[in-house]
Number of protein chains: 2
Amino acid sequence: MTEIELICKKAKAAAPRLATIGAAIKNSALMAMADAFEASRAAIFEANKIDLAAAEANGISGAMLKRLELTDKKIDQMADGVRQIAQLPDPVGETIEGYLRPNGMEVRRVRVPLGVIGIIYESRPNVTADAAALCLKSGNAVILRGGSEAINSNLAIAKIINDAITPIGVPEGAIQIIETTDRAAARELMTMKPYIDCLIPRGGKGLIQTVVQNSTIPVIEHGDGNCHVYVDGAADLKMAEEIAFNAKVQNPSVCNAAETLLVSEHIADRFLPVICKRLADAGVEIRADEKARAIVPGLKEATDDDWATEFLDLIYALKVVSGIDEAIEHIGKYGTKHTEAIVTEDYTAARRFTSEVDAAAVFVNVSTRFTDGYEFGKGAEMGISTQKLHARGPMGVEEMTTYKYVVTGSGQLRG
Amino acid sequence: MTEIELICKKAKAAAPRLATIGAAIKNSALMAMADAFEASRAAIFEANKIDLAAAEANGISGAMLKRLELTDKKIDQMADGVRQIAQLPDPVGETIEGYLRPNGMEVRRVRVPLGVIGIIYESRPNVTADAAALCLKSGNAVILRGGSEAINSNLAIAKIINDAITPIGVPEGAIQIIETTDRAAARELMTMKPYIDCLIPRGGKGLIQTVVQNSTIPVIEHGDGNCHVYVDGAADLKMAEEIAFNAKVQNPSVCNAAETLLVSEHIADRFLPVICKRLADAGVEIRADEKARAIVPGLKEATDDDWATEFLDLIYALKVVSGIDEAIEHIGKYGTKHTEAIVTEDYTAARRFTSEVDAAAVFVNVSTRFTDGYEFGKGAEMGISTQKLHARGPMGVEEMTTYKYVVTGSGQLRG
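Sequence order as written defines residue numbering, which begins from 1 separately in each chain. Following the order in which they are written, the chains are lettered starting with A and the ligands numbered starting with 1. Thresholds applied to this predicted model are a pLDDT of at least 70 for local features of residues and 80 or more for the giving and counting of side-chain atom pairs; totals over whole chains, interfaces and linings are not thresholded and use all residues.

Colleague: Whenever I open this one, the overall build of chain A confuses me. Can you help?
Modeller: Numbering of helices and strands runs from the N terminus; a helix is a DSSP stretch of H or I covering at least four residues, while a strand is a stretch of E covering at least two. In terms of regular secondary structure, chain A is built from 15 helices and 16 strands. For a compact globule the rule gives 2.2 Å times the number of residues to the power 0.38, and the radius of gyration it is set against comes from C-alpha atoms. The C-alpha radius of gyration computed for chain A amounts to 24 Å, which stays within 12% of the reference 22 Å derived for 415 residues, consistent with globular compactness. Projected onto its principal axes, the C-alpha positions of chain A cover 70 × 70 × 35 Å. Buried positions account for 54% of the 415 residues belonging to chain A. Each residue is represented by a C-beta atom placed from its backbone, and any two residues with such atoms within 7 Å are regarded as in contact. Contacts spanning at least 24 positions in sequence make up 73% of the contacts within chain A whose residues lie at least 6 apart. Put plainly, a residue is buried at 20 or more neighbouring C-beta atoms within 10 Å of its own, exposed at 12 or fewer, and partly exposed in between, counting only other residues' C-beta atoms, which are placed from the backbone.

Colleague: Mind showing me how you'd approach the relation of the copies chain B and chain A here?
Modeller: Two chain copies here: they are related by a rotation about an axis and a translation along the same axis. Least squares is used to superpose the copies, and the fit set is the C-alpha atoms of residues whose pLDDT is at least 70 in both copies. Each copy of the sequence occupies a distinct position, and chain B is placed on chain A by a rotation of 180 degrees and an axial shift of 0.0 Å, giving an RMSD of 0.0 Å. Accordingly, the operation relating the two chain copies is best matched by a two-fold axis. Measuring from the rotation axis to each C-alpha of chain B, the shortest distance belongs to B:His390, at 1.8 Å. By residue overlap, the copies meet face to face through one surface: 100% of the interface positions of chain B are interface positions in chain A.

Colleague: Mind showing me how you'd approach unusual backbone geometry here?
Modeller: Only a minority of non-glycine residues have a phi that is not negative, and only a minority of peptide bonds are not trans. Look at A:Leu312: it is not a glycine, yet its phi comes out positive at around 55 degrees. By the secondary structure assignment, A:Leu312 is in the loop between α13 (304-307) and β11 (315-321). Look at B:Asn365: it is not a glycine, yet its phi comes out positive at around 55 degrees. Relative to the assigned elements, B:Asn365 resides in strand β13 (residues 361-366).

Colleague: Can you walk me through the packing of helix α6 (residues 126-137) of chain B against helix α7 (residues 151-165) of chain B in this structure?
Modeller: Helix packing for two helices is described by the angle between their axes and how far apart those axes are. Residues and elements named next belong to chain B. Fitted lines through C-alpha atoms serve as axes, helices being fitted only where they are in contact, and the angles separating the N-to-C directions of these axes extend from 0 to 180 degrees. Running from N to C, α6 and α7 point in directions that differ by 35 degrees, and their axes come no closer than 8 Å. At the point where α6 passes α7, the crossing takes the right-handed sense. Contacts between α6 and α7 involve Thr128, Ala129 and Ala132 from the first element and Asn154, Ile157, Ala158 and Ile161 from the second. By the definition used in this description, the sense in which the near helix is turned from the far one sets the handedness, with an anticlockwise turn below a right angle giving left-handed and a clockwise turn giving right-handed.

Colleague: Looking at this model, I keep getting lost on the sheet that holds strand β12 (residues 339-343) of chain B. Mind explaining?
Modeller: Within a sheet, adjacent strands bond to each other through the backbone by hydrogen bonds, running parallel or antiparallel. Ordered in space as β1(A)-β2(A)-β16(A)-β13(B)-β12(B)-β7(B)-β8(B)-β11(B)-β9(B)-β10(B), the 10 strands form an open sheet in which the pairing is mixed. Edge positions in the sheet fall to β1 (95-100) of chain A together with β10 (300-301) of chain B, since each has one partner strand and no second. Strands pair, by our definition, only if DSSP identifies at least two bridges between them. The pairing of strand β8 (residues 258-264) of chain B with strand β11 (residues 315-321) of chain B spans 5 bridges and is parallel. Looking at the pairing, B:Ser264 lines up with B:Val321 of β11(B).

And the structure:
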């Protein structure tokens, strides 16, 4: 039996016990986990230093090094995040619907954990803590497979977690991490369908594509966010300026930041000079189509690739469109079904946009930056799902569950 | 561009229009479809005869020929089924949840169609009608890919459908069938991820495995039903006899029929002689473990394979277990997470069984045969999902939808 198979078997054995362990133990374990992160900073930093040294030796760049580095602040955030997860309502056991059939059978649909979740992720070692906590809260066993670049940090965090939660009564095998970092181990994990109920890749496009192509286990994709803000001809232009600016500048490196600004030609003359100056002052590079460049001279020319790119940076593609039809068409062609926003005071335009744009989240007069578990009032999340099956948008603890039909009767037979 | 790509593009173009077409047009189209089946019997029989002749020439067996054959009664059922689907509530547009955030944003989660559904199926040509109707009702475009053995029947039915629904205003491309029956076309379909949101295989194990292995599109599996009836030591033995008998005999060829009968050793002496005689009288072959054969001499010996087999026939595996622990363990090892039933008057046994057994449906004192969209009061279904992501149990029109977050505000920015 391989290491992967052994881990899978252990997880599958732990899953039924985790499903019925109850909220009290799960929440105590989460609080203990948070305390342990704070108490074990030294051990985490020591392991993290090894990863950082290896990364530097491999010539890894600044942004990636930064994601890899664990600081006091990041450990505080890890602990706080886990405490917040402990405080969420327990999703397990909820009766989603229940009714009586004419033949006297009582049918209930009851929320239960998925079972075993596999998570394949890159770079940021704090994902180890987040993912472990979300899976424990939702009653799932988890198998973590982090990237080689963070392996020492990940193993240290996983050890701290297990040392903290085992004495509280969480079954062995609930939270496991794969020590082998070669690709073959990841590939093997993707075929462990008899043991794993759901696979979640967290990382770049390449990682997600590899998992989708090779997994026989159902996958939940957290894809790119090529999000748009469309400023309609009937927009409140001051509001549009604030939303267009906030959606790009407040945090350009996240999936719900806007990447392309679409502007109706009816207000482009008035709106573009104002927004372009404001963006330029904030250091945003604008890549604009011909019509926009005719209104604001000196803007960089947009290529076709720019419409399809998730910049995750202070770069904004800008296009003047004839109106809502062209905006919806452009979003349909280039959007990634994440978050799309319209700014308008026109009732019919707002109604058409929310109805016709196909995305996890469609917004009217709100910054794209709000697509987030906390901002939606649902708490911590595994990520934003851009697929349509199972979960769409923020994937929190509730989305990490399924249901079973519980039917009770008094001897009903099928006639 | 290949035939498959062309079909996919057409479906994707039709999807947004189907999503907003409204219940009135969809239901009129469904009624027209049902009328057309009844009015076009001659054309259906003619096409079906070609398939039947080819099947006989290929030496295809009795049961499969029967599934392939379309009779007057089957066409009546097709038409009735479609009319029933027309009468279901429209799932599209429902606000699943809605609330106001402290910052004034209104968040609504609204039910929308999945988009484009691909269905790969075998043998029974009436699936063409069922699947087309369910997809239309749920606002999805559908691409149908039936087996070569039924291709003439399938094409005839698809033509009748499109001739009936196009004049009513259903967009072209809403219901399409792939004419090419070679494997390469099916394989190509499984990689059309940019166009298809969900793939549903309907057929035998081989077909489902091929789709799971090769698809990059999310798949909803309708797996085997290796269902169990466990007769507990505290069962009402008369009720247990009726349920054990009904679960096997009422229709042995369907996925929610029971395949293994587990009997507590505490009542085996009294129960087995009665149930075995009743089953034998109905022509059921019993394959029993050693303990059962010691109580009822002359029973055939069960092999290990029998515990894992979905017989879909008048064959019942029979095992005496020490009690609920062994029953739950046996089901965990051999069950396919479809439907599992306990017969008991013991409160704690009932509670443990429904909590600890991991299946789409867990029943107390009810025949396994009730896992079905109609029996659950939800109407027609695509099948019974045995996976945990997205839909579990009966997959009706509601389960053929997803949701989008619609957020409306007044200029909210992320701080």
